[in-house]
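Coordinate analysis (summary)
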Amino acid sequence: MSLERIKIAPEMYEIMPPEYQDLVKNATYGNENRGWKDIGTSKELIEEHSLCAGCPESMAFRYILASLPAPEDTVMVGSTGCTSLVFPHVGIHNIHSLFGNQNAIATGLKRALTVRFPGRIKDVVVLAGDGATVDIGLDMTLQAWFRQEKFTTICFDNELYANTGGQESGLMQKGFVAKMAPVGKTFEKVRLPEIARESGCHYVVNCTVSKPNLIEKVIKNAIHIAREIGPTYLQLYTPCILEIGKNSMEGLQEMRDSEKPTERFAYREYISDQAKELLTEMAAKEKERKAEAKRQLASVKA
Ligand SMILES: Cc1ncc(C[n+]2csc(CCOP(=O)(O)OP(=O)(O)O)c2C)c(N)n1
Ligand code: SF4
Ligand SMILES: [Mg+2]
């Protein structure tokens, strides 16, 4: 779905919906420098969603979609939950999987795309809730990491089953009382980032979605490392403001409070040695690319 790939036949142009004409004309696909700053203007991201008003998942979606290195060559795999309400609105290829099966589906998809498109990079990105990733889908999540499957898993951690009214999840905090879990959680939040590291992920980050530039960086790193080396995992706190009774701005504050150094979403990152090497190489190439662009600009002006 790059500008080159989505075209309207001239004879059909006038009858196509204005939104589609606009998408073809103004898409940022194919622009290597696209990022979260494009969310206000780029049509192919999400214009609308059916989440609760102000839900942090909606901004997380926007930042992630804007940060994909090659959206036109990306397939996202979703699972049942609040996230699955958003996928029908996004301009990125995506597959809905049976609840919990997302990492198994992504495995087959990534392998099939590699065979079907030799020599062309196809990114697969799983995006699912904590219930899907950690509880019902834990087997599929872990087995994909054990097998070193080359795709990124993103968990929108809202620490409960939001879509079904607030049941307890393995990532819920100890003692938390939810609408459908009135007794309170009796054990600690499962430490999935640590499990991901021990299960073979090459890049693991635990953080909130309060800082778009940080999200852009970790998404790009995770996808590039998954392409070249092996599995990567991002656990992003997207509080369910409906469950905790907050509005949009209070939801943002909730994230800021939870990312303080001693809190459960303080920024934590693990990078394997192989992945570190790759990031260093990529940074050197990027520096060279910028220097070359500067040289060319200077020669045009001269
Ligand atoms: C196989 C299967 N089991 C259970 C359900 C019911 N179900 C739908 S959404 C959901 C919870 C989703 O929780 P989570 O993955 O944390 O996503 P959230 O809604 O919190 O974003 C459950 C249990 C289902 N749809 N399919
Ligand atoms: S129920 Fe919670 S997680 Fe789901 S859309 Fe509403 S605020 Fe967001
Ligand atoms: Mg959840």
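None of the values given here were measured: they were computed from a predicted structure.

1. A few points about the overall build of the protein
Within the protein one finds 10 helices and seven strands. Here the C-alpha atoms of the protein give a radius of gyration of 20 Å, agreeing with the 19 Å that 2.2 N^0.38 yields for 302 residues. Counting only contacts in the protein whose residues sit at least 6 apart along the sequence, the fraction spanning at least 24 positions is 66%.

2. Some details on the site of ligand 1
Surveying the vicinity of ligand 1 reveals 18 residues, the closest of which are G81, G129, G131, A162 and N163. Of all the elements, helix α4 (residues 130-136) adds the most residues to the shell around ligand 1, at three residues.

3. Some remarks on the domain arrangement of the protein
With domains assigned, the protein is organised as domain 1 (1-30), domain 2 (38-271) and domain 3 (276-302). When each unit is reduced to the centre of its C-alpha atoms, the spacing between domain 2 and domain 3 is 32 Å. The partner domain 3 presents four residues to the six residues of domain 2 that form the contact. At four residues, the largest contribution of residues to the side of domain 2 that touches domain 3 is made by helix α7 (residues 212-228). Split by residue class, the side of domain 2 that touches domain 3 holds three nonpolar, two polar and one charged.

4. With respect to the site of ligand 2
In the vicinity of ligand 2, the contacting residues are L51, C52, C55, E57, C82, N158, A162, N163, C240, I241, L242 and E243. Here the element with the most residues in the shell around ligand 2 is helix α8 (residues 241-244); it accounts for three residues. Here the residues of the shell around ligand 2 are counted per class, giving eight nonpolar, two polar and two charged.

5. Things to note about the environment of L68
The topology assignment puts L68 in the loop between α2 (56-67) and β1 (74-78). Residue L68 is classed as buried on the basis of its C-beta count, with 23 C-beta atoms lying within 10 Å. Sequence-wise, L68 and K7 are 61 residues apart; in three dimensions their C-alpha atoms are separated by 21 Å. Each residue touching L68, except ones within four places of it in the same chain, is listed here: T74, I219 and I223.

6. Overview of the sheet that holds strand β7 (residues 268-271)
Pairing is mixed in the open sheet, where seven strands are placed in the order β2-β1-β3-β4-β6-β5-β7. Both outer strands of the open sheet, β2 (93-96) and β7, are each paired with one neighbouring strand and no more. With strand direction ignored, the average angle separating the axes of adjacent strands in the sheet is 15 degrees. Sheet analysis places β1 next to β2, joined by four bridges and oriented parallel. Bridge pairing in β2 places G78 opposite H96.

7. Section: the pairing of strand β3 (residues 123-129)
Of all seven residues in β3, seven are buried, a share of seventy percent or more. Burial along β3 is two-sided: the face carrying D123, V125, L127 and G129 and the face carrying V124, V126 and A128 are both buried. With five bridges connecting them, β1 and β3 associate as parallel partners. Across the sheet, the residue bridging to G78 is L127, located in β3.

8. Description of helix α9 (residues 248-258)
Within α9 the residues assigned to the buried category are G251, E254 and M255. Angularly, the buried residues of α9 cover 95 degrees about the axis, an arc narrow enough to put them on a single face.

9. Here we look at the environment of I223
Within the secondary structure layout, I223 lies in helix α7. Residues I223 and V86, 137 residues apart in the sequence, show an inter-C-alpha distance of 21 Å. Every residue in contact with I223, bar those within four places of it in the chain, is listed here: L68, P69, D123, V125 and T152.

10. A closer look at helix α3 (residues 102-116)
Over its 15 residues, α3 extends 21 Å from the first C-alpha to the last, a length consistent with the 21 Å expected when each residue adds 1.5 Å. Buried within α3 are the following residues: Q102, N103, I105, A106, T107 and K110. On its buried face, α3 sits against β1, β2, β3, α4, α5 (138-146) and β4 (152-157).

11. Comments concerning unusual backbone geometry
The phi angle at Q148 is positive, at roughly 60 degrees, despite the residue not being glycine. Even without glycine at this site, E159 takes up a positive phi of about 65 degrees. The residue E159 is located in the loop between β4 and α6 (192-198) in this model. Of the residues examined, E159 has 26 C-beta atoms within 10 Å and is grouped as buried.

12. With respect to the packing of α2 against α7
The description of two packed helices rests on the angle between their axes and on the distance between the axes. Packing of α2 against α7 leaves a shortest axis separation of 9 Å and a crossing angle of 50 degrees. When the interaxial angle is binned, α2 and α7 end up oblique. α7 is crossed by α2, and the crossing has right-handed handedness. Where α2 abuts α7, its residues Y63, I64 and S67 lie against P212, I215, E216, I219 and K220.

About the thresholds
- Residues numbered from 1 in each chain as written.
- Chains lettered and ligands numbered in written order.
- Predicted model: local features only at pLDDT ≥ 70, side-chain atom pairs only at ≥ 80, totals over all residues.
- Helix = DSSP H or I, 4+ residues; strand = E, 2+ residues; numbered from the N terminus.
- Rg over C-alpha atoms; globule rule 2.2 N^0.38 Å.
- Contact = placed C-beta atoms within 7 Å.
- Near = placed C-beta within 6 Å.
- Domains from an automatic or database assignment.
- Nonpolar A, V, L, I, M, F, W, Y, C, P; charged D, E, K, R; others polar.
- Buried ≥ 20, exposed ≤ 12 C-beta atoms within 10 Å, placed from the backbone.
- Pairing = 2+ DSSP bridges.
- Axes fitted to C-alpha atoms, helices over the stretch in contact; angles between N-to-C directions.
- Arc of directions from axis to C-beta.
- Expected span 1.5 Å × (residues − 1).
- Parallel < 35°, antiparallel > 145°, perpendicular 65-115°, else oblique.
- Left-handed = near helix turned anticlockwise from the far one by under 90°.

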